[in-house]
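Spelled out from the first residue to the last, the chains are:
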Amino acid sequence: MNTDRFWISCFFRLPLLLVCTLAGGLHGADIPIAGPAGKVDPFVGTDRSGNTNPGAQAPFGMVQMSPDNSEEGYRYPLQTMRGFTLNLMSGPGCPNGGSPLFTVTTGDVAVDSAHYSYSYDHHTESASPGYYRVLMQPFGINAELTASTRCGMGRFTFPAGKQANVVVPISFGNVPTYDGWVKLVDNRTLTGKTTQETFCGTHRRFSIYFAMKFSQPIGEHGAWLHGKIAAGADHAGQTAQSDDAGFYVSYPATASPITLTVRVGISYVDADGALKNLEAEMPEDKFDKYHARTLADWNKELGLIEIRGGTAGHQCVFYTALYHALLFPSVFDDSDGRCMGYDGVVRAVPRGHQHIYANFSGWDIYRSEFPLLTLIEPVRAQDMAQSIVAMYQQLGYIDRWPQANQPTGVMNGNPLSICLVNLWNAGLRNFDVPTAYEAMMKASVPASTNAHLGPYESLENRGGVWLNADSNTSTALEYDLSFAALGHLATSLNKPDDANFLFGRALEYRTLFNPETGYLQTRTAEGQWTDPDQGGYCEGNKWIYLWFVPEDVQGLVDLMGGSDAFEKKLDEFFDQKHYDPTNEPDLQAPYLYDYINRPWKTQKIVATTADEVFTDEPGGLAGGGNDDLGEMSAWYVFSQLGFYPVDPGIPYFEVCTPRFPEALVHLGGGAGAHTFRIDAPDAAAANIYIQNAALNGRNLTKPWFDEKEILGGTNWTVTVSARPNPDWAASPFDRPYSLSTGFDYLPPGVIAVPLVPATAGSSLKWRYTTERPAAHWMQPNFADANWAEAPGGFGTADEGVKPRTPWDTDDIWMRTEIDLPKVPARAGISVYHDQSVEVYVNGIRAGEDDQFVHAYTVMPLRGAARDSLRPGRNILAMHVHHPGPGRHFADAVVVELQPPEK
């Protein structure tokens, strides 16, 4: 860390009286910055392509009161500013917002941007949460900004002897504006409207209304159109995109400096809503009061995660990342509860909710930010979920990346479905789940209107080859992940048919794997593989998307030839610098070593990458990548806490190394909230490897944990050092969940130790019948006294099987009682059968197999069946189906699974 830079970024910029004194005695905020807000540097991310802004904003605020110097908002290297805007998203990477914009000048009124723009120097510029200050040159104006949820406020100190002007160019925007107006309401008030385009050239339109109140009565004023000033005019209007229009207010020069405050409320409903927002949130000309209030709000929000220990620079980077993660999605309703719908109809916030939210950077935030908000902002997250449901009700579908009340369709997949499932998995249900499920299913069915499936639609079998011929690879993979997430929700809602359909679609990624190249690719309509070096990947390439199967990592491991082959390819990915930590598609890649029992490699890559690409420099956010409304910053927050949701559609976190000696994650704040405490006493820059860990006093020997294990509040204690420990979490039985295996991964060469005798020559005694029994035949209390009895392995004569009793029917039902000396730590079933078999333990379905098996093979026990085992008497049952003549045989035994010998 650059120590000099740290003092500049984290202290000099704070709006203390000292800063303003150094700047030449200008008026500054006299509230010291205490608490975590004092550790935030809003300038981080304003250089390179971070695309954040240093302006004043409340947590999740509707208003972003920010300086504006480029189409994307604010760029740190630029030295000329155009003014102050009220809507500017944080890090979308595209031109956005910029209207309404206003600025202040001195001297004669000038209405072209070349004359009302100003220059500035970073040494006379400062920012902290809820506050921004700059010395505007050549005007010599000290400008300060603060904000509440729906309002912004500027305090401007004009030099003596100069006319003071407020200029409102309503036709200006970082994106095209189409119409607008501003009018004088009374001698202290203006109201207005601007209509602008959505971001990234998506050509949708939405309107913002504003109300502007001045601390001093308005004297001289006027309007302009195409550079022609109409002094004294009470109204200005833009009627076409080409119009250059605006309004100005002027105050005469005085012998002493003039201080003017300008309060601005906005609304997406109407001008009356903007006025009401001002009255509700900023009714007085008291800048310091509102700054202090917003600062307190920031300390409350940032205090949801308490970091203790570590260097000042490390804490600065962490809290700056958390700050960026708490800016969006933003509140969209007015103070009276009204909000503008996606269909243009004004509605009220739904009963039982506090807000409607907008600006969902869906393709980005489902990965890290929404899971983070689910943990620490559950009330807001549930309001956000209901906002997504309302979008469906008003549009007929869930958009991927809506801005304000307009869909944009930006990016691919069904990302907000994953957000909704993530919320459900955390036990948060205060949203319309049936309607949400209806919306998500509609988006998953081919040919649904506006389902966004587009060319992906469904697989097509041509000559035995399954094609996604019209889809690019990354689009297919994004949809597959959303199908898996929704499949898990369908399972929770007891909708097995939907779940089977969705899981089947999710596993279609396997048709994209080209064994010749080792990459995920699509095919042409003729069935030929597309060239992976010629595109087909959204914001990535064949290397980056090779790892984008977070729903079924073990399935990908198997496709690639097993753990050793997977590790070799993953090593190559990182060693040859294919990994791109500046963008979303491979954010989960460092955590994949957890899935092949090499968690120390995950620990190294996550820690070193985070340290390299997140710094306290203006360009130090995600290596200079777009923050995408908090997503990249949220990845950093998780990486420092020590856990991460590789697959956000399931309630599990994969483990990396906690980087602070102590962290307290307050799960929701408020009365009755639980706290997840993370202790890593030896955490330091060099100590990036886990030696051992305990979760709530129990040894944690696996590189993942269940979300429910922390939601009630618990302690996670981790011993770390500078040396890797390959023996921690090294058991292949402890791999994280994957869709194709669940938690039941069986490594090649697994050792199965029978707990009761069972071999081809020494079998259990089974009671059996070839007549279909009652439905509860597998239950422990079922009466089977009238069934026949025989040793296992019975059936017709065949190689290796000694016939013991005749079995010439297609089906046989079998039961036996086993006396277990102990409950094995890792239990399985060793099954000897041919064709289809279903196995039950103590009445619970344990597994099935439809393969031809000519020897004892191991079947893992599923969770509920495994949990039903007890020392002593247990009931094992099987249904074997083998139609037609030929070999008929079956046997089974409970075994203890042990890892293969090294």
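Everything below is about the structure printed above this text.
For the structure given in this document, a descriptive report is provided here. Predicted, not measured: the structure shown is a model, and the values here were computed from it. (Residues numbered from 1 in each chain as written. Predicted model: local features only at pLDDT ≥ 70, side-chain atom pairs only at ≥ 80, totals over all residues. Heavy atoms only, no water.)

**Re the overall build of the protein**
In step 1: Across its full length, the protein holds 20 helices and 45 strands.
In step 2: Taking 29 Å as the expected radius of gyration for a compact globule of 902 residues, we find that the protein reaches 32 Å, a close match to that expectation.
In step 3: With the C-alpha coordinates aligned to their principal axes, the bounding extent of the protein is approximately 115 × 55 × 50 Å.
In step 4: For the protein, the residues scored as buried account for 62% of the 902 residues in total.
In step 5: Sequence-distant contacts in the protein: of pairs separated by 6 or more residues, those separated by 24 or more amount to 70%.
In step 6: Summed over all atoms, the accessible surface of the protein reaches about 31,400 Å², with 50% contributed by carbon and sulfur.
In step 7: Taking the 66 positively charged and 102 negatively charged side chains of the protein as two groups, their mean positions are separated by 4 Å. (Helix = DSSP H or I, 4+ residues; strand = E, 2+ residues; numbered from the N terminus. Rg over C-alpha atoms; globule rule 2.2 N^0.38 Å. Buried < 20%, exposed > 50% of the residue type's maximum accessible area, 1.4 Å probe, protein only. Contact = heavy atoms within 4.5 Å. Areas by Shrake-Rupley, 256 points an atom, 1.4 Å probe, with all protein chains shown as cover. Lys, Arg positive; Asp, Glu negative; His and termini not counted. Charge placed at Lys NZ, Arg CZ, Asp CG, Glu CD.)

**Details of the packing of aromatic side chains**
In step 1: The full count for this structure, using the stated rule, is 45 aromatic pairs.
In step 2: Lying over the aromatic face of Tyr178, Arg205 brings its terminal NZ or CZ to 3.5 Å of the ring centre.
In step 3: Directly above the aromatic system of Trp704 lies the positively charged group of Lys702, at a separation of 3.9 Å from the ring centroid. (Phe/Tyr/Trp six-rings, centres within 6.5 Å; stacked < 30°, edge-to-face > 60°. Lys NZ or Arg CZ within 6 Å of the ring centre and 35° of its normal.)

**Some remarks on the state of the cysteines**
In step 1: Under the criterion given, the structure shown has one disulfide.
In step 2: Disulfide pairing is shown between Cys94 and Cys200; the S-S distance is 1.8 Å. Because the sign of the S-S torsion sets the handedness, a value of about 75° for the bond joining Cys94 and Cys200 places this disulfide among the right-handed ones. Taken as a pair, Cys94 in the loop between β3 (83–85) and β4 (101–106) and Cys200 in the loop between β12 (189–197) and β13 (205–214) lie far apart in primary sequence, 106 residues in all.
In step 3: Summary of cysteine pairing: Cys339 is not part of a disulfide, and the nearest cysteine sulfur, belonging to Cys151, is at 17 Å. (Disulfide = S-S within 2.5 Å.)

**Some points on the sheet that holds strand β35 (residues 714–721)**
By way of backbone hydrogen bonds, the strands of a sheet pair with one another, either parallel or antiparallel.
In step 1: With respect to topology, six strands assemble into an open sheet ordered β19-β30-β31-β35-β32-β33, the strand pairing being mixed. The open sheet has two edge strands, β19 (305–308) and β33 (698–699), and neither has a second partner.
In step 2: As defined by bridge partners, strand β31 (residues 674–679) adjoins β35 across four bridges and the pair is classed as parallel. In the sheet register, Arg677 faces β35, and the bridge partner there is Asn715.
In step 3: Where helix α8 (residues 369–376) meets the sheet, its contacts fall on β19 and β30 (662–667), and the angle it forms with β30 comes to roughly 75°. (Pairing = 2+ DSSP bridges. Axes fitted to C-alpha atoms, helices over the stretch in contact; angles between N-to-C directions.)

**Section: the nonpolar core**
In step 1: Phe643 and Trp716 are the most contacted members of the largest nonpolar core, which totals 152 residues.
In step 2: Sorting elements by how many residues they give to this core places helix α12 (residues 473–492) first, with ten residues.
In step 3: Apart from residues no more than four positions distant in its own chain, Phe643 is found in contact with Leu375, Phe638, Phe653, Glu654, Val655, Cys656, Phe676, Ile678, Phe705, Ile710 and Trp716.
In step 4: The next biggest cluster of nonpolar side chains, apart from the first, holds 56 residues, and it includes Phe102, Phe139, Ile208 and Tyr251. (Core = buried A, V, L, I, M, F, W, Y, C linked by side-chain atoms within 4.5 Å.)

**Details of helix α18 (residues 631–641)**
In step 1: In terms of burial, α18 is largely enclosed, as eleven of its eleven residues are buried.
In step 2: Every buried residue belonging to α18 is among Glu631, Met632, Ser633, Ala634, Trp635, Tyr636, Val637, Phe638, Ser639, Gln640 and Leu641, and all of these are buried.
In step 3: Remark: Gly642 follows α18 within two positions and exhibits a positive phi of approximately 110°.

**Topic: the side chain of Ser99**
In step 1: Tracing the backbone shows Ser99 in the loop between β3 and β4.
In step 2: When residues no more than four places from it in sequence are discounted, the contact partners of Ser99 are Thr85, Asn87, Ile170, Phe172, Gly173, Thr177, Thr194, Gln196 and Ile208.

**Regarding the packing of helix α10 (residues 415–425) against α12**
In step 1: At their nearest, the axes of α10 and α12 sit 9 Å apart, and the two run at 35° to each other. Seen along the crossing, α10 lies across α12 with a hand that is left-handed. Contacts between α10 and α12 involve Ile418, Val421 and Trp424 from the first element and Leu481, Ser482, Ala485, Leu486, Leu489 and Ser492 from the second.
In step 2: Residue composition of the contact of α10 with α12, by class: seven nonpolar, two polar and no charged. (Left-handed = near helix turned anticlockwise from the far one by under 90°. Nonpolar A, V, L, I, M, F, W, Y, C, P; charged D, E, K, R; others polar.)

**Regarding the environment of Ala439**
In step 1: Structurally, Ala439 is set in helix α11 (residues 433–442).
In step 2: Between the C-alpha atom of Ala439 and that of Asp628, which follows or precedes it by 189 residues, the distance is 25 Å.
In step 3: Not counting residues up to four positions away in its chain, the partners in contact with Ala439 are Tyr392 and Ile398.

**So, the side chain of Thr769**
In step 1: Within the secondary structure, Thr769 sits in strand β37 (residues 765–769).
In step 2: From its side chain, Thr769 meets the backbone nitrogen of Glu771 in a polar contact 3.1 Å long.
In step 3: The residues touching Thr769, leaving out its near neighbours within four places in the chain, are Trp787, Ile812 and Trp813. (Polar contact = N/O pair within 3.5 Å; in protein donor to acceptor, adjacent residues only side chain to side chain.)

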